[in-house]
Amino acid sequence: MFYAPLYSGFFYVLATVSLAADPYVYFDWTVTYLTASPLGPVLNLTTNWNVVINVKNNLDEPLLFTWDGIQHRKNSWQDGVLGTNCPIPAGWNWTYEFQVKDQIGSFFYFPSLNFQKASGGYGGIIVNNRDVIPLPFALPDGDVILLIGDWHTKSHKELRKDVENGNGLGVPDGVLINGFGPYRYDEALVQEGITYQIVNVDPGKTYRFRVHNVGISTSLNFRIQNHNLLLVETEGSYTVQQNYSDMDIHVGQSYSFLVTMDQDASSDYYIVASPRYVNSTAKASAAAILHYSNSRGPPSGPLPDPPNELDSSFSMNQARSIRWNISAGAARPNPQGSFQYGQITVTDVYVILNKPAELIDGKWRTTLNGISYLPPSTPLKLAQQYNVSGVYKLDFPNKFMDRPPKVDVSLINGTFKGFTEIIFQNNDTAVQTYHMDGYAFFVVGMDFGVWTENSRSTYNKWDGVARCTTQVFPGAWTAILVYLDNAGIWNLRAENLNSWYLGQEVYVSVVNPEADKSEVSLPDNTIYCGELSSLQKDQAQRFKFSDAPPFSNVSRMVLVALIIVLAEKVNNAKMRQDIVVIVSFYTSTR
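Since the structure is predicted, the reported quantities are computational estimates derived from the model, not experimental observations.

The rules behind these values
Residues numbered from 1 in each chain as written. Predicted model: local features only at pLDDT ≥ 70, side-chain atom pairs only at ≥ 80, totals over all residues. Heavy atoms only, no water. Core = buried A, V, L, I, M, F, W, Y, C linked by side-chain atoms within 4.5 Å. Buried < 20%, exposed > 50% of the residue type's maximum accessible area, 1.4 Å probe, protein only. Helix = DSSP H or I, 4+ residues; strand = E, 2+ residues; numbered from the N terminus. Contact = heavy atoms within 4.5 Å. Pairing = 2+ DSSP bridges. Axes fitted to C-alpha atoms, helices over the stretch in contact; angles between N-to-C directions. Disulfide = S-S within 2.5 Å.

### A word on the nonpolar core
Then comes step 1: Of all hydrophobic cores here, the largest spans 63 residues; its most connected members are Leu146, Phe209, Phe222, Phe257, Ile271 and Leu290.
Then comes step 2: At four residues, the largest contribution of residues to this core is made by strand 18 (residues 286-292).
Then comes step 3: Apart from residues no more than four positions distant in its own chain, phenylalanine 209 is found in contact with Val144, Leu146, Val199, Ile224, Tyr255, Ser256, Phe257, Val259, Met261, Ile271 and Leu290.
Then comes step 4: Grouped together as the second largest cluster of nonpolar side chains are 46 residues, Cys86, Leu380, Val388 and Tyr507 included.

### Remarks on the sheet that holds strand 30 (residues 488-494)
Then comes step 1: Here we have five strands laid out as an open sheet, ordered 23-31-30-25-28, and mixed in their pairing. What marks the edges here is a single partner per strand, and that holds for strand 23 (412-414) and strand 28 (469-472). Within the sheet, the average angular offset between the axes of one strand and its neighbour, ignoring direction, is 20°.
Then comes step 2: Here strand 30 runs beside strand 31 (residues 505-510); their pairing, made up of six bridges, is antiparallel. Among the inter-strand pairings, arginine 493 is bridged to a residue of strand 31, identified as glutamate 505.

### Here's the deal with the state of the cysteines
Then comes step 1: For the coordinates displayed, the defined rule picks out one disulfide.
Then comes step 2: A sulfur-sulfur separation of 2.1 Å characterises the disulfide bridge that pairs cysteine 86 with cysteine 529. Judged by the sign of its S-S torsion, about -90°, the cystine formed by cysteine 86 and cysteine 529 is left-handed. With a gap of 443 residues between them, cysteine 86 in the loop between strand 4 (65-68) and strand 5 (93-99) and cysteine 529 in the loop between strand 31 and strand 32 (578-588) connect regions that are remote in the sequence.

Such coordinate-based values are descriptive only and should not be taken to indicate function.
In C-alpha cells:
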C-alpha cells in the first residue's frame, strides 16, 4: 500500500523565485512500502512554472503518477496513464517534466495503476496566481490542505482481487482526513486513542481550505462545526462566492473554501467528512480538530449532522448552485476570452451510458456504451507516434449500441478545435464521477431520468462552472461541453476506482491536422514497452536522479523537512504495509 510522509506545516516559495523567466522546480521522489500516513508531498507551484519530478520506483510492481486537473498543454506524454506512458518498472526511475501552463487552483496527484491509489501515495497540488493576477478575494491568512477519503484495511492487491472476482469493495472500514482517523463511530470496530489531524488557527482570521476527495469509491459530505464554508474555487475555476453549511464532495473532486474563525473559543470544533449514499448501520466518519489558539478545551457534543443520508435531490441542487465567477481575472478554460459558450456551435455529441459490472467472456467488466476498455501493451500515444497499426480503433460509438457488451480498444475521434457535447447517463446504483485529462469542461446540466434532446432547454448557457471532474447521480444524467484544442490522446474515465479498474474509461484522440511545432515532441527518456520494447535500452544506472543542478549551484533553494507519522489502525487487524514518497525539493530560475 502507499503511505507517505506528512508535512509538519505548509511552505511557500513565491517570494524566493524571480518571475523574469518561467522558473523550474525540482523534486526527487522515492516511492516505497511503509506503514505511515498515506500522504505524499504537497506540490506548491505558481502559474507557468516548469515542474521536474524524478520518480524512483522502489515497489514490487510497475508505477505511474497522474496529475489530476493539470492540463499538460500539448504534452500528453506527461499524463501518467497507460494510454500515454509505459509504466515505470519496479527498480527503475523516470522523470516527469511539465509546465503548469495558464492554470490556477487546487488539484492533486495519485498513482494511476493496479488499484494502487487505494493504498495512498496521493498529495495536493497548489497552483498559485502570479502576482500580476489578483485574487477575487482578500488574501487569506493561511492555506490548509485537507485530503479526505474512504479507507479499507485490505491492501490494494486484495481489493483489486475482490473487484476482479465480482465481489465489490463493500462499505469502507473508515474515512481519513490527511491520513488521520477515523472518528470512533463504533467502539467495537474502532479502537481508543485514535489520533486526529489538528488544524491550528487564530481567532478572527480567515483561512483557505483546499479539500480533495482522494478516496476510491465513496462520496463524502464535508463540514466544519459551527462555521460557514464560503466556496471560492473548484478545480481551477473561481466560483461565484456562496456560503454553504456543508458540501458533498464526490470522488476525485476538489474545492476551495474561505473559512473565517468567527466563533468563540470555549472549545475546539470538529472538521468532519462522512460517507454519502452508503447503506450501512456503521457511519464511518472522519474527524479532524479545528483548534483556536485561545481555545479553552476539546470539542464537545456529537459530530455535526450531515444532510439526509440518501437525499440525492439535495446534493444535485447543491451541485447546480455552483456557478462560475465570470468577472474574476484568472487563467480560464478555452475558448479563452469567450464567456458565451452557450452560443458556440456544437461539433460532436456523445451520449455515454455506463452499466454496473457484468460478466464478459467470463470476467467481470464495466462498460461505457457497451465497450469495456482494455489497455493494450503498447500505449496509444506511442503507437500513434510510431504508426504501429492494430493497437486501437477510432470508432467509439456516440451512443449506446444495442448489442452484447465487448472488450475493445476503441477511441473517440475528437475534432481538433471542435466543441464537443458529452452526456453521461448513469445506469448504475451508485454516484459515479467522471474525469477528463487535458481539459477543463463546462458543466452545463444535470437531472434525474433519461437525457433527451429536449433536456438541452434546461442547460446553463452562461455561467456553468468549468472543472475537470463531475458527478453523475444514479438514474440521472450530467452534460458537459468541452473545446478540444489541446492536441494529444487524453483519458476520459470513471474516478470510482472499481469502475475504472474494470474498464470504464475511453481515450479521446485530438490531432491537429496541420503541422504544430508547439506540440511537445517525444521525450528523450521515453520508456518503451509492448510492440516497441525492442527500442528500450536497459537503464545503465537505475535510480539515477534528475539532471537538475547540484545544491551548491542552485539559487534560491528550499529544503523540506519530512515527518513520517504512523497511521492508526482502524481495528485490531494487522497494520498494512503501505507506500511512502520520500522527497527532496528545490527551485531554480535556470
